[in-house]
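Single-letter residue listing:
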Amino acid sequence: MGERFVSRGFFGRRRQPEQAGRIPPGQYLVDDWPVLSAGPTPRIRLDQWRFTIEGLVRQPVSWSWDEFLKLPSKTYLVDISCVTKWTKLDMKWQGVSVDTLFQAVSLDPRAAFVTAYSYGDYTTNLPIPDLLNDQAFIAYQQDEKPLTPEHGGPARLVVPHLYFWKSAKWIQGFRLEERERLGFWENLGYHRRGDPWKEERYSGD
Amino acid sequence: MADALRWQLGTVTEIHQETPRAKTFTIALPDWTAHHAGQHYDIRLTAPDGYQTQRSYSIASEPEQQGSIELTVERIDDGEVSPYLHDVVQLKDEIELRGPIGGYFIWDVALGGPLLLVGGGSGVVPLMAMIRHRVAARSSIQTRLLYSVRSPDDVLYATELQMLQDHGEGVDVTYTYTRQAPAGWTGFHRRIDRAMLKEITSQLEAGLRPYVCGPTLLVEAAANNLQELGIPAGRIRTERFGPSGT
Amino acid sequence: MDEQDGDLNRALMLDGNAAGGILYDVFTADMTGAPTECASCGRSGEVGSLLAFVQAPGLVLRCPACESTMVRIVRAGDVTYLDARGAVYLRIAR
């Protein structure tokens, strides 16, 4: 087909970004919250759930669900952008800052990257600075309700300033690494960092 | 067969309201090829700014219908493609699509039977293509459709299925209503379960070929139960219909 | 949706049939009827019978028996990435 075909009367389920400054390039606004998963929802019993920080740390540390809920938590109001091009504004979360979690371990000076790993086989890689200074948290509530399993409950990582695939659902732990080990999507062509404002979608972008 | 699957522009020649939530679109294809019952087409929508999205829709018509296909589409209220097809598309509109696609969930009279078709909701669409193919090919293969629907209003192809029943063509239809049954209904009024499948399969000859299509939970439950009733797993064909995939 | 007792992610899960178009793009052949074997648990079956996650940033096909990842495909602009480490083999008929 020479000239590109356009479907008569089709505009997609998109809203024009009226708050242009808040929508990263190439994104469109949504009101709903799409469910995107690379695998089935793992069945995690809360009495068996643990979150662990291991790898290049002096002593690994691990929290049970009850212990995790006793950690100081905060309310976050953040905008979320998914690499599949939707952006959702003002999402309200309750969770524990990664800063708080890192206070419980002493990092080996060689540690430069984190592999966030989930129940199931999902992993994603992040440079440590992207997780510090309250830029990232482990959320267990969204909109004042427990995080639902299809959205990553009981708990997920949230890193709002990067594309949402970095916000690993069903989070199980952090492994501190000296070298960056590319995660589930990063090792198949997605960008190693994924900054939506720079449109870092694919490796080479 | 080594060609890429090409997109082509079909023309909508007929739109039929099947139920309050489902419409059948007849689409004439310039590059028509005979499909196998059970296959699907991909539909691609393109916005003026280049944004594209695509979905797969099962073919409802039989391969004996030449030059066009019928796609039955359930309207998913928060979907992107099915509301467009339902609310915007008119006769003579062009639709970009490619197919037929699929070599797993397919049936041809040459494969034989008896045929056990288990459908949930709009999962009955590819099963209807199998029934229509069987009728068009004048086959006498024993055929049974177990059709799970929410309510009588949701039954697709009700008149045609009733006619097949009445004419003693060897196509039997059993309904089970999961929410609301018709007044005076004495048949099944629950989700598909092992007892139901046992009752149905006991009425069929040996060497059964089951095709199961519907929401993932129905498909898993039916496939597991059929296996436990002694049907080899490799013979059970399944297709999951997602709420957004259709 | 009629089925309320599973989570939405499970309801959205499709099977290899739904991936037929994407697989055709990559292999220029119908793959849904092609046999394959899970490298993790050894289950044999057609590609059409695998679990498919099509809503994700890429396509993921998993073994219906052990749920291990068998095939992943990402279309990144003009290039396509394929990972089939989780499948012992894929048979391409053309």
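A quick note: this is a predicted structure, and the numbers were derived from the prediction, not measured. (Residues numbered from 1 in each chain as written. Chains lettered and ligands numbered in written order. Predicted model: local features only at pLDDT ≥ 70, side-chain atom pairs only at ≥ 80, totals over all residues.)

What to know about the overall build of chain B
Then comes step 1: When its secondary structure is counted, chain B shows five helices and eleven strands.
Then comes step 2: Taking 2.2 N^0.38 as the reference for a compact globule, 246 residues should give roughly 18 Å; the C-alpha atoms of chain B span a radius of gyration of 18 Å, in line with that estimate.
Then comes step 3: Dimensions of chain B, computed from C-alpha atoms along their principal axes, come out at roughly 55 × 40 × 35 Å.
Then comes step 4: By residue count, 48% of the 246 residues in chain B fall in the buried class. (Helix = DSSP H or I, 4+ residues; strand = E, 2+ residues; numbered from the N terminus. Rg over C-alpha atoms; globule rule 2.2 N^0.38 Å. Buried ≥ 20, exposed ≤ 12 C-beta atoms within 10 Å, placed from the backbone.)

Details of the environment of Val 79 of chain C
All names here are of chain C.
Then comes step 1: Within the fold, Val 79 resides in strand β7 (residues 79-83).
Then comes step 2: Residue Val 79 is classed as exposed on the basis of its C-beta count, with 11 C-beta atoms lying within 10 Å.
Then comes step 3: Between the C-alpha atom of Val 79 and that of Cys 41, which follows or precedes it by 38 residues, the distance is 31 Å.

Focus: the domain arrangement of chain B
Residues and elements named next belong to chain B.
Then comes step 1: Splitting chain B by domain gives domain 1 (8-101) and domain 2 (109-240).
Then comes step 2: With 15 residues of domain 1 at the contact, the number on the domain 2 side is 14 residues.
Then comes step 3: Elements with a contribution of two residues or more to the side of domain 1 that touches domain 2: β1 (8-19) and β5 (68-74).
Then comes step 4: In the side of domain 1 that touches domain 2, the residues fall into six nonpolar, five polar and four charged. (Domains from an automatic or database assignment. Contact = placed C-beta atoms within 7 Å. Nonpolar A, V, L, I, M, F, W, Y, C, P; charged D, E, K, R; others polar.)

Some thoughts on the nonpolar core
Then comes step 1: By size, the foremost hydrophobic cluster in this structure holds 135 residues, and its most contacted members are Leu 71, Leu 127, Met 130 and Ala 222 of chain B together with Ala 52 and Leu 61 of chain C.
Then comes step 2: Taken domain by domain, the makeup of this core includes at least three residues from each of domain 1 (8-101) and domain 2 (109-240) of chain B. (Core = buried A, V, L, I, M, F, W, Y, C linked by C-beta atoms within 7 Å.)

Some thoughts on the interface of chain B and chain A
Then comes step 1: Contacts between the two partners involve 13 residues from chain B, matched on the other side by eleven residues from chain A.
Then comes step 2: When its residues are assigned to classes, the side of chain B that touches chain A shows seven nonpolar, two polar and four charged.

Some thoughts on the sheet that holds strand β2 (residues 22-28) of chain B
Then comes step 1: Spatially, six strands are ordered β4-β3-β6-β1-β2-β5 (chain B) in an open sheet, and the strand pairing comes out antiparallel. The sheet is open, and its two edges are formed by β4 (52-58) and β5 of chain B, each paired on a single side. Direction aside, neighbouring strands of the sheet carry axes that sit 40° apart on average.
Then comes step 2: As paired elements, strand β3 (residues 40-46) of chain B and strand β6 (residues 94-101) of chain B share four bridges and run antiparallel to each other. Within β6 of chain B, the residue paired with Arg 44 of chain B across the bridge is Glu 96 of chain B.
Then comes step 3: Each of β3, β4 and β6 of chain B touches helix α2 (residues 20-27) of chain C; the most contacted strand, β6 of chain B, lies at about 75° to it. (Pairing = 2+ DSSP bridges. Axes fitted to C-alpha atoms, helices over the stretch in contact; angles between N-to-C directions.)

Some points on the confidence of the model for chain B
Residues and elements named next belong to chain B.
Then comes step 1: Per-residue confidence for chain B averages 93 on the pLDDT scale, and 96% of its residues sit at or above 70.
Then comes step 2: The secondary structure element of chain B with the lowest average pLDDT is β4, at 91, and the one with the highest is β2, at 98.
Then comes step 3: Model confidence for the complex is summarised by a pTM of 0.90, with the ipTM given as 0.90. (pLDDT = per-residue confidence, 0-100.)

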